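Structure assessment
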Amino acid sequence: ALARAGGLAFTAPLLGDRGTSSRIRLVFTVVVAAVLSARAGAPTVTPAAVFAVAPIELAAGALTGITARIILDRIATGAQFIGVHAGLGFAQSYDHAAGESASVVRALVTTIAGLAFLAADGLEALVRALTVPVGPAALADGLAGATTAALAVTGAAIGVAAPVLLAATIVNVGLALINRAVPAVNVFSVSLPVVLLVAGVALLATASATAGAIDRAAADAVAALVGGGGS
């Protein structure tokens, strides 16, 4: 229980973020492992089998958390696309949670996705994930699920950012044609505010769809936790 809780605590969304204190992860690991071990009907492991079971449990916990994190990364990646194509690529700062530079749009949308994860009972799902039976076969299924989730990140991110990508592309092509037709007019001097304005209108028009995508990603992340990483 301790190995599995530890693997999950250092990879799960929010709890495994770099901005989360290691003490919080340690307290979560110890407390949850103690409660799970003390519950009625908890399986027991002989001392001789610990070295065989602990690596599997550790891998299962880490894999479950990674899968849920990858699913939420769909939103973060889509928000990064939005920030870059809206002309805000220069407005980046270091994101302690991601451990890399991120646009202001990504930081904001990632925070909203984290709140959606909590609203979808994400913390409760973290605990329930530790009670799902695991074995070599389940571990293989979890690895397949994590791989599938990783391969779907880019496609899902483009789906989230599609309205802004399309609007920004159309505006940039239009400005380029105007500049080509009338070289004396320096349209690129006003390209940034124009792109920002159009991108803002596109975001406003598709706000409900974006919110729905965030909710679905949060629900899928919770389902992956409860399913032991195999969803």
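Since we're looking at a predicted model, the values are computed, not measured.

**Considerations on the overall build of the protein chain**
- Looking only at helices and strands, the protein chain has nine helices and two strands in total.
- Of the regular secondary structure in the protein chain, the N- to C-terminal order runs α-α-α-β-β-α-α-α-α-α-α.
- By the compact-globule yardstick of 17 Å for 231 residues, the protein chain is too spread out, its C-alpha radius of gyration being 22 Å.
- Along the first, second and third principal axes, the C-alpha atoms of the protein chain reach 80 × 30 × 30 Å.

**Quick notes on a nonpolar patch on the surface**
- A surface patch of nonpolar side chains, amounting to about 280 Å² of accessible area, comprises Leu2, Leu26 and Val30.
- Tracing the backbone through its elements, the reader meets Val30 in helix 2 (residues 22-38).

**Notes on the nonpolar core**
- Ranked by internal contacts, the top residues of the largest apolar core, which has 43 residues, are Leu8, Ile75, Phe117, Leu126 and Leu225.
- Mapped by element, the contributors of at least two residues to this core are helix 1 (2-9), helix 2, helix 3 (50-88), helix 4 (104-119), helix 5 (122-129), helix 7 (153-181), helix 8 (191-205) and helix 9 (207-226).
- A total of nine residues in this core trace back to one element, the largest contributor, which is helix 3.
- If we ignore the near neighbours within four places in the chain, the residues touching Leu225 are Leu8, Thr64, Ala68, Phe117, Gly122, Ala125, Leu126 and Ala129.
- Ala168, Val171, Leu175 and Val195 belong to the second largest nonpolar core, which has five residues in total.

**Observations concerning the packing of helix 7 against helix 8**
- Taken N-terminus to C-terminus, the directions of helix 7 and helix 8 make an angle of 150 degrees; their axes are 9 Å apart at the nearest point. In terms of axis orientation, helix 7 runs roughly antiparallel to helix 8. Of the two possible hands of crossing, helix 7 and helix 8 adopt the one that is right-handed. In contact with Pro163, Val164, Ala167, Ala168, Val171, Asn172 and Leu175 of helix 7, helix 8 contributes Ser191, Val194, Val195, Val198, Ala199, Ala202 and Leu203.
- In the contact of helix 7 with helix 8, the residues fall into twelve nonpolar, two polar and no charged.

**Digging into helix 2**
- An ideal rise of 1.5 Å per residue puts 24 Å on 17 residues; helix 2 measures up with 24 Å between its terminal C-alpha atoms.
- Elements in contact with the buried residues of helix 2: helix 1 and helix 5.
- One side-chain oxygen of the residue at the start of helix 2 lies 3.2 Å from the amide nitrogen of Arg23, identifying that residue as Ser21.

**A few points about the pattern of salt bridges**
- One pass over the full model with this rule turns up three salt bridges.
- One salt bridge in this structure joins Arg4 and Glu57, with 3.5 Å as the shortest N-O distance. Within this pair, whereas Arg4 is found in helix 1, its partner Glu57 is found in helix 3, the two being separated by 53 residues in sequence. The residues Arg4 and Glu57 share a single accessibility class, namely buried.
- The closest approach of N and O atoms between Asp17 and Arg69, which form a salt bridge, is 2.9 Å. You can see Asp17 sitting in the loop between helix 1 and helix 2 and its partner Arg69 sitting in helix 3, a full 52 residues away along the chain.

**With respect to the environment of Thr131**
- Checked against the element boundaries, Thr131 lands in the loop between helix 5 and helix 6 (136-151).
- Judged by relative accessible area, Thr131 falls into the partly exposed class, the value being 40%.
- In this structure the side chain of Thr131 is engaged in a polar contact, spanning 2.7 Å, whose partner is the backbone oxygen of Arg128.

**Topic: unusual backbone geometry**
- You will see that Leu14, though not glycine, has its phi angle at about 65 degrees, which is positive.
- Judged by its relative accessible area of 27%, Leu14 is partly exposed.

**Describing the packing of helix 3 against helix 9**
- Direction vectors running N to C along helix 3 and helix 9 enclose 175 degrees, while the axes themselves pass 8 Å from each other. Viewed along their axes, helix 3 and helix 9 adopt a mutual orientation that is roughly antiparallel. From helix 3, Thr64, Thr67, Ala68, Ile71, Leu72, Arg74 and Ile75 reach across to helix 9, where they touch Ala213, Ile214, Ala217, Ala218, Asp220, Ala221, Ala224 and Leu225.
- Partitioning the contact of helix 3 with helix 9 into residue classes produces eleven nonpolar, two polar and two charged.

**Structural notes on helix 9**
- Taking 1.5 Å per residue as the helical rise, helix 9 with its 20 residues ought to reach 28 Å, and the 29 Å between its terminal C-alpha atoms agrees with that figure.
- Looking only at helix 9, the buried set comprises Thr210, Gly212, Ala213, Ile214, Ala217, Ala218, Ala221, Val222, Ala224 and Leu225.
- Summarising the contacts, the buried residues of helix 9 are in contact with helix 1, helix 3, helix 4, helix 5 and helix 7.

Conventions adopted
Residues numbered from 1 in each chain as written. Predicted model: local features only at pLDDT ≥ 70, side-chain atom pairs only at ≥ 80, totals over all residues. Heavy atoms only, no water. Helix = DSSP H or I, 4+ residues; strand = E, 2+ residues; numbered from the N terminus. Rg over C-alpha atoms; globule rule 2.2 N^0.38 Å. Patch = residues over 30% accessible without salt bridge, like charges linked within 9 Å, V, L, I, M, F, W, Y side chains within 5 Å. Areas by Shrake-Rupley, 256 points an atom, 1.4 Å probe, with all protein chains shown as cover. Salt bridge = Lys/Arg side-chain N within 4 Å of Asp/Glu carboxyl O. Core = buried A, V, L, I, M, F, W, Y, C linked by side-chain atoms within 4.5 Å. Buried < 20%, exposed > 50% of the residue type's maximum accessible area, 1.4 Å probe, protein only. Contact = heavy atoms within 4.5 Å. Axes fitted to C-alpha atoms, helices over the stretch in contact; angles between N-to-C directions. Parallel < 35°, antiparallel > 145°, perpendicular 65-115°, else oblique. Left-handed = near helix turned anticlockwise from the far one by under 90°. Nonpolar A, V, L, I, M, F, W, Y, C, P; charged D, E, K, R; others polar. Expected span 1.5 Å × (residues − 1). Polar contact = N/O pair within 3.5 Å; in protein donor to acceptor, adjacent residues only side chain to side chain.

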